[in-house]
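Coordinates in review
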Amino acid sequence: MKTVKEEAQNPAFAYIAGRIDKMLVPTLLYFLANKPAHGYGLIQMVNESGFSEIEADPATIYRNLRRMEEDGLVISQWETENTGPARRAYQLSPEGHQALDYCVQLITDKVIKMQVFLEQYQREVKEK
Amino acid sequence: MSNPQTLKILHAGALRKPVVECAKLLHEARPGLDIQLESCGSRACARQVREGKVVDVLALADPMLFDELLGPEYVDKYYIFANDQIVLTYDEFSKGGGEIDAKNWFDILLREEVTFGRSNQHLDPCGYRTLIVWQLAEQYYGRPGLFGQLDQRCRGDLIYPKSYDLASDVLVGKLDYAFEYLCVVNQFGLRYLTLPEKINLSNPAHADYYRQSTVSLQGKNSGEMITIPGAPIEFAIAIPKNAENPALAKEFLDLMLSKKGQQILEDCGLIPY
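The model shown is predicted, which means the values in this text are computed figures rather than measured ones.

**Here's the deal with the overall build of chain A**
Helix and strand content of chain A: six helices and four strands. The linear arrangement of helices and strands in chain A, starting from the amino end, is α-α-α-β-α-α-β-β-β-α. Across its three principal directions, the C-alpha atoms of chain A cover 70 × 30 × 20 Å. Looking at chain A as a whole, 28% of its 128 residues are labelled buried.

Printed below as a string of C-alpha cells:
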C-alpha cells in the first residue's frame, strides 16, 4: 500500500490534497462510491449533505466531474437503455476508490491534529 | 424524397451558436453535407414537429417539452445535455445601468422611462421561466405585488416570440433590459446582472423552492391550458422518430454530446453535462 506522501506524487491526488479543506471532491467521491449518479442528483446530494465547504452550484460540480474524469477517477456514460430522458451518469473507477481512500487518510490526519489542538486548548487555556 | 446528404436541424434560438459551431465541425468532416438550420422558440419548435414538420435533429430549451408535446408519438428518447440561468441583460446605454444591482433591479425596471422585455411564454420557455423568476422575486425580496407590477409594465411589443431576439434589441438600444439566458447574453457580449440563485432557476439544489411557482400555458390541444411548475433550466436534444436521415442525425447528436461538444457548449456560456 502506498503512503500518503507517495500518493501525493500522482497529479490527480496532489490536486485533491490541495483542495481537501473544501471537501468537495471527497464528497463527490463518497456519493459515487455508494452508487452511480448523474450531475443533477449529485448537486442535490452535495448541498443536502453539508459536507462541502463550497456551494455546489452546477458550474462547479460539472467542472469538477469533468476534471475527475480526465484524471481517471470517474467514468461517465449516457444512459441509453430506456426511453425518455437520458442523462450522463458517473461512476467511480478503481482509481476513484483509491482516491477516496486517500481522502479519508488526509481527513483522518486532519481530525487527529484538530483533536490534539482542542485538547491542548482545553487543558492549557480554558482550564488554566 | 429526402436527400441523403441533407441534415435538417430545428433548434431553440438560445442554442444558435453551439448548434452552428457543431454544424461547422460536422461539415468539415463531411464537406458535401447540406446542413439546414432553423430556429424559433422551443414551444413553437415542438408544435411545428407535432403539426408535421420533418426534421432530423430537434434541440430544445426545455426537456419537459419532449414529454409534454412530443412523446411518445414523435420522440421516444432525448438527451439532457446542459444547464443555464436567467439573467437580466443590458448595455452601457441602458437607463439606470450604472446603478443596477441584485437588490434594486426591480425598482429600476419599474421606473417610467425604462423599457424591458421578455419572450412569449406560449412560444418560448424563456418566457415562462421569466414569469416564474418574477413570482419567485416577489417572495424572495418580500415585495407583495411585484409580479403584477412587472407584468403590467411588460406588455404588447415588449413580449417577443423568442428570447434570442431580445438580446439583439438590447444590443441596438430598442430595449434597456431583457430577461435572457446567460448563454445568449455571452453570445452577444452584453452586460448582465446575475440574479440570486434562489430565483434564477440555475441550481437543482433549489428545485423544491422553484417548484412553488407556476405558470399557465396553452397545452397540446387548442383551448387547453396546462400548469407548469418552476424548475432548473436545462436543454435537451433528440432525433425525432420520423427523421429522414437518422444516421446523420446521430453523428450530429454524438458530436454535441462529445467532449468536443462539451467544450463548444462551455465556450458559448452553457454548463455542459
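Let's pick the thread back up.
**Quick look at the interface of chain A and chain B**
Across the boundary between the two partners, chain A contributes 17 residues, which contact 16 residues of chain B. At the level of elements, α4 (39-49), α5 (58-70) and β3 (84-86) of chain A are the ones that each hand at least two residues to the side of chain A that touches chain B. In the side of chain A that touches chain B, the residues fall into nine nonpolar, five polar and three charged. With three bridges joining them, β3 of chain A and strand β4 (residues 77-83) of chain B adopt parallel strand pairing. Pairing of Ala86 of chain A across the sheet is with Tyr79 of chain B, part of β4 of chain B.

**As for the sheet that holds strand β8 (residues 177-181) of chain B**
Residues and elements named next belong to chain B. The strand order across the open sheet formed by five strands is β7-β6-β8-β5-β9, and the pairing between neighbours is mixed. Strand pairing shows two members of the sheet lacking a second neighbour, β7 (159-160) and β9 (191-194), which therefore form its edges. Where strand β5 (residues 86-90) meets β9, four bridges bridge the pair, whose relative direction is antiparallel. If you follow Thr89 over to β9, its bridge partner there is Tyr192.

**Thoughts on the nonpolar core**
Residue and element names in this part refer to chain B. Formed by 117 residues in total, the largest nonpolar core has its most connected members in Val57, Leu58, Leu60, Phe81, Val133, Ala236 and Ile237. When residues in this core are grouped by element, the largest group, eight residues, is from helix α5 (residues 125-140). If you count residues domain by domain, this core takes at least three from each of domain 1 (6-83 + 235-272) and domain 2 (87-217). With residues near it in sequence (within four places) discarded, Leu58 still touches Leu10, Cys45, Val49, Val75, Ala238 and Pro240.

**Observations regarding the sheet that holds strand β2 (residues 74-78) of chain A**
Residues and elements named next belong to chain A. One open sheet accounts for three strands, arranged β1-β4-β2; its pairing is antiparallel. Here the strands that pair on one side only, and so sit at the sheet edges, are β1 (37-38) and β2. Sheet topology note: the β2/strand β4 (residues 88-92) ladder contains five bridges and is antiparallel. The residue bridging Ser76 from the neighbouring strand is Tyr90, located in β4.

**With respect to helix α10 (residues 246-257) of chain B**
Between its first and last C-alpha atoms α10 of chain B spans 16 Å; for 12 residues at 1.5 Å apiece the expected length is 16 Å, and the two agree. Every buried residue of α10 of chain B is listed here: Leu248, Ala249, Phe252, Leu253, Met256 and Leu257 of chain B.

**Examining the domain arrangement of chain B**
Structurally, chain B comprises domain 1 (6-83 + 235-272) and domain 2 (87-217). Of note, the centres of domain 1 of chain B and domain 2 of chain B, computed from C-alpha atoms alone, are 26 Å apart.

**Digging into unusual backbone geometry**
Omega for the bond connecting Gly71 of chain B with Pro72 of chain B falls within 30 degrees of zero, at -5°, which places this linkage in the cis form. Mapped onto the elements, Pro72 of chain B comes out in the loop between α3 (64-70) and β4. Even without being glycine, Met23 of chain A reaches a positive phi, approximately 70°. Mapping Met23 of chain A onto the fold places it in the loop between α2 (11-18) and α3 (24-34). The exposure class of Met23 of chain A is partly exposed, given the 19 C-beta atoms found within 10 Å.

**A short note on the packing of α4 of chain A against α5 of chain A**
Residue and element names in this part refer to chain A. The interhelical angle for the contact between α4 and α5, taken along N-to-C directions, is 115°, at an axis separation of 10 Å. Once α4 is placed against α5, the crossing between them reads as right-handed. Every residue of α5 that contacts α4 at Gly39, Leu42, Ile43 and Val46 is listed here: Pro58, Ile61, Tyr62 and Leu65. Taken together, the residues of the contact of α4 with α5 break down into seven nonpolar, one polar and no charged.

**Re the pairing of strand β1 (residues 6-12) of chain B**
Residues and elements named next belong to chain B. β1 sits mainly inside the fold: six of its seven residues count as buried. In the sheet, β1 pairs with strand β2 (residues 34-40) via seven bridges, with the strands oriented parallel. Paired with Ile9 across the bridge in β2 is Leu37. Considered for its hand, the β-α-β crossover made up of β1, helix α1 (residues 16-29) and β2 is right-handed. Pairing of β1 with strand β3 (residues 57-60), which is carried by three bridges, proceeds in the parallel orientation. Bridging from a neighbouring strand, Leu10 pairs with Leu58 of β3.

Each value, and the rule that gives it
- Residues numbered from 1 in each chain as written.
- Chains lettered and ligands numbered in written order.
- Predicted model: local features only at pLDDT ≥ 70, side-chain atom pairs only at ≥ 80, totals over all residues.
- Helix = DSSP H or I, 4+ residues; strand = E, 2+ residues; numbered from the N terminus.
- Buried ≥ 20, exposed ≤ 12 C-beta atoms within 10 Å, placed from the backbone.
- Contact = placed C-beta atoms within 7 Å.
- Nonpolar A, V, L, I, M, F, W, Y, C, P; charged D, E, K, R; others polar.
- Pairing = 2+ DSSP bridges.
- Core = buried A, V, L, I, M, F, W, Y, C linked by C-beta atoms within 7 Å.
- Domains from an automatic or database assignment.
- Expected span 1.5 Å × (residues − 1).
- Axes fitted to C-alpha atoms, helices over the stretch in contact; angles between N-to-C directions.
- Left-handed = near helix turned anticlockwise from the far one by under 90°.
- Right-handed = clockwise from strand over helix to strand, strands pointing away.

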